[in-house]
Amino acid sequence: MAISDILRRPLISNPYPREFEFMPSVPQASRRNVIRGALVVGVAGAAGGGALLTANLAQAENDAKAKAPEIFSCEDWGARPGSGSQLSNKPTKIVIHHTASANQSDTSKQAAFKLAKDVQSWHMDGNGWSDTGNNFTISRGGFIMEGRHTSLKHLNDGKGWVQSAHAPGANSDGIGIENEGTYTDGLPPKELWNALVQFCAHACKQFGIAPKEIYGHRDFSSTACPGEAFYAKLPQLRKDVEAALNGDGGGGGDDAWTAVVDNGDKDVKRGEGWKLSAYSADKHGKDYAFAEPGNGGGLVEFTVTIPKDGTYTVSTWYAANKGYNPKAPYTVHAGGTDKAVTVDQTAKGGQWVSLGDYKLKKGKQKLVSVGHKTTGKGYVIADAIQVKAKK
Ligand SMILES: [Zn+2]
């Protein structure tokens, strides 16, 4: 008796009795996830599969690019007919799920197609929905498949969307992605992570969605989904997607080396006078550092490891506000010389703003400092920097 066969079936009845009825059936939804999660973890643990190393994520970051990934359509994997009402508005966010099924070791395309069929069956036969609830499914082998019919057409067009059923509160404007496995403890395998980064970057580009608009299912409902460990990695996912987007430049195929350092990263030093805030929606990562302007010498110092001698574009990201500082004092420490750059933080927030091109030597180095010693009025912001190799 395959325990995994039992797990493939919904253990508890559908928490959302009618597909488009967004009732807050919180206790049931939550219970279902917890129970399925717990059982599956036991199975995966016994099989010795599934545990994945954080180290892989760094590698995945370098592997991922914003090129259009290969996506298998409903036709490709042999979906049953379904129906969904089309919407005129395009999606504004991405919602990450895990299937809460076994962390199986079969990473073949066949296994992926079977997964897509299983998911459709759980949703149509188990939950009584009209079609697969989520828009896309990604297997542990990294195969990306269309879920709900017409999701791929909308993605390719970059307009319109299809009413879905994956996260009440985000079903009409969220791209729902089911990732195969249970990630309560372990993380997705590298193949899945790479495919997810690539897919999200592509979707962000197609619909103009900012990487910070990537959420976990639990941000909308009381559920364990996408699992404690995976959920904790969503900041990394947003960062990887952003790097993939920046590495692409819109044309596809540009794989220039890029590094992003956020104020929250462990190598960043925060000196006297700086505090943290999550107030501005323009922020990079979960927060940013801010300081009163004045004579104080406290710095926020960003350290980067440069892969080889060469020319790099150094950029900064900050939360902007009309009341912030028009003369934020940055210093770029390039090749032994310090170059002062003044940044107007009253405008151009929430994007990469170039601090110039610099010749940099290979190795780990303190590259950018932000101070708050300035005659400009208003808070000075230190949020993130990006370093990108010039071709
Ligand atoms: Zn979910």
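A few points on the structure.

Rules and cut-offs
Along each chain, residue indices are assigned from 1 in the same order as the chain's sequence is written. Per-residue local features of the predicted model are confined to residues with pLDDT of at least 70, and side-chain atom pairs are confined, for both listing and counting, to 80 or more; whole-chain, interface and lining totals are unaffected and use all residues. With hydrogens and water excluded, all non-hydrogen atoms of the structure serve as input to the side-chain values. Secondary structure elements are defined from DSSP: runs of H or I of at least 4 residues count as helices, runs of E of at least 2 residues count as strands, and each element is numbered from the N terminus. A helix is expected to span 1.5 Å multiplied by its residue count minus one. Here the term buried applies to any residue with accessible area under 20% of the maximum for its type, exposed to any over 50%, and partly exposed to those in between, with areas from a 1.4 Å probe on protein chains only. N or O atoms closer than or at 3.5 Å make up a polar contact, with two conditions inside protein: a donor-capable atom paired with an acceptor-capable one, and, for residues adjacent in sequence, both atoms drawn from side chains. Whether two residues are in contact is decided by their heavy atoms, any of which lying within 4.5 Å being enough. At least two DSSP bridges between two strands are needed for those strands to be called paired. Shown as donors are all N, O and S atoms within 2.8 Å of a metal ion, widened to 3.2 Å for Na, K and Ca; because water is not in the atom set, sites may appear incomplete. Every angle, taken between N-to-C directions, lies between 0 and 180 degrees, and every axis is a line fitted to C-alpha atoms, over only the stretch in contact when it is a helix. In what follows, salt bridge is the name for a side-chain nitrogen of Lys or Arg lying within 4 Å of a carboxyl oxygen of Asp or Glu.

**What to know about helix H7 (residues 190–207)**
Item 1. Taking 1.5 Å of rise per residue, 18 residues should cover 26 Å, and H7 covers 26 Å from first to last C-alpha, within 8% of that figure.
Item 2. In terms of burial, H7 is a largely internal element, 13 of the 18 residues being buried.
Item 3. Where H7 terminates, the next one or two residues include glycine 208, which has phi positive at roughly 65°.

**What about the side chain of asparagine 134?**
Item 1. Along the chain, asparagine 134 turns up in the loop between helix H5 (109–126) and strand S4 (136–138).
Item 2. In terms of polar contacts, asparagine 134 uses its side chain to reach the backbone carbonyl oxygen of phenylalanine 136, at 2.9 Å.
Item 3. Excluding its chain neighbours within four sequence positions, the residues that come into contact with asparagine 134 are Val119, His123, Gly147, Arg148, Ala165, His166, Gly176 and Glu178.

**Brief notes about the environment of threonine 313**
Item 1. By the secondary structure assignment, threonine 313 is in strand S14 (residues 310–317).
Item 2. We classify threonine 313 as buried; its relative accessible area is 19%.
Item 3. In this structure, the C-alpha to C-alpha distance between threonine 313 and lysine 359, residues 46 residues apart in sequence, is 9.0 Å.
Item 4. Beyond its immediate stretch of four places on either side in the chain, threonine 313 contacts Ser354, Gly356, Asp357, Gln386, Val387, Lys388 and Lys390.
Item 5. A distance of 2.8 Å separates polar atoms of two side chains, one belonging to threonine 313 and the other to aspartate 357.

**Some words on the pairing of strand S9 (residues 258–262)**
Item 1. Counted residue by residue, S9 has 5 buried out of 5 residues, so it is predominantly covered.
Item 2. The two faces of S9 match: Thr258, Val260 and Asp262 on one face and Ala259 and Val261 on the other face are all buried.
Item 3. As paired elements, S9 and strand S20 (residues 384–389) share 5 bridges and run antiparallel to each other. In the strand pairing of S20, valine 261 is matched with isoleucine 385.

**Some words on H5**
Item 1. In this model H5 runs 24 Å from its N-terminal to its C-terminal C-alpha over 18 residues, within 8% of the 26 Å that 1.5 Å per residue would give.
Item 2. Of the residues flanking the end of H5, it is glycine 128, one or two places downstream, whose phi is positive at about 75°.

**Details of the coordination of the zinc ion**
Item 1. Protein coordination at the zinc ion: the donors are His97 (ND1), His217 (ND1) and Cys225 (SG), at 2.0 to 2.3 Å from the metal.
Item 2. Going along the chain, you hit the donors of the zinc ion in the pattern H-x119-H-x7-C. Here histidine 97 is found in strand S3 (residues 93–98), whereas its partner histidine 217 is found in the loop between strand S8 (214–216) and helix H8 (228–232), with 120 residues between them in sequence. For the pair shown, histidine 97 and histidine 217 are each scored as buried.

**What to know about the sheet that holds S14**
Item 1. As summarised here, the arrangement of the 4 strands in space is S9-S20-S14-S17, forming an open sheet in which the pairing is antiparallel. Because the sheet does not close on itself, it has two edges, and the strands there are S9 and strand S17 (353–360). When the angles between neighbouring strand axes are averaged without regard to direction, this sheet yields 20°.
Item 2. Pairing geometry for S14 and S17, over 7 bridges, is antiparallel. Opposite threonine 316, over in S17, you have valine 353 as the bridge partner.

**Here we look at the pattern of salt bridges**
Opposite charge on two side chains permits them to pair, given that their charged atoms come into close proximity.
Item 1. The full count for this structure, using the stated rule, is 10 salt bridges.
Item 2. Across the salt bridge formed by aspartate 157 and lysine 153, the nearest N and O atoms sit 3.6 Å from each other. One end of the pair, aspartate 157, and the other, lysine 153, are both in helix H6 (residues 151–157), 4 residues apart, so they sit about a helical turn from each other.
Item 3. Given a relative accessible area of 48%, lysine 153 falls into the partly exposed group.

**Digging into the sheet that holds strand S11 (residues 274–277)**
Item 1. Spatially, the 3 strands line up as an open sheet ordered S11-S12-S19, and their pairing is antiparallel. Both outer strands of the open sheet, S11 and strand S19 (380–382), are each paired with one neighbouring strand and no more. Strand-to-strand, the axes of this sheet are offset by a mean angle of 35°, without reference to chain direction.
Item 2. In the sheet, S11 pairs with strand S12 (residues 288–291) via 4 bridges, with the strands oriented antiparallel. Across the sheet, the residue bridging to leucine 276 is alanine 289, located in S12.

**Details of the pairing of S3**
Item 1. The element S3 is extensively covered by neighbouring structure, given that 6 of its 6 residues are classed as buried.
Item 2. Here S3 shows two buried faces, one formed by Lys93, Val95 and His97 and the other by Ile94, Ile96 and His98.
Item 3. Where S3 meets S8, 3 bridges bridge the pair, whose relative direction is parallel. In the strand pairing of S8, valine 95 is matched with tyrosine 215.

Interpretation note: all reported values are geometric properties and have no functional meaning in isolation.
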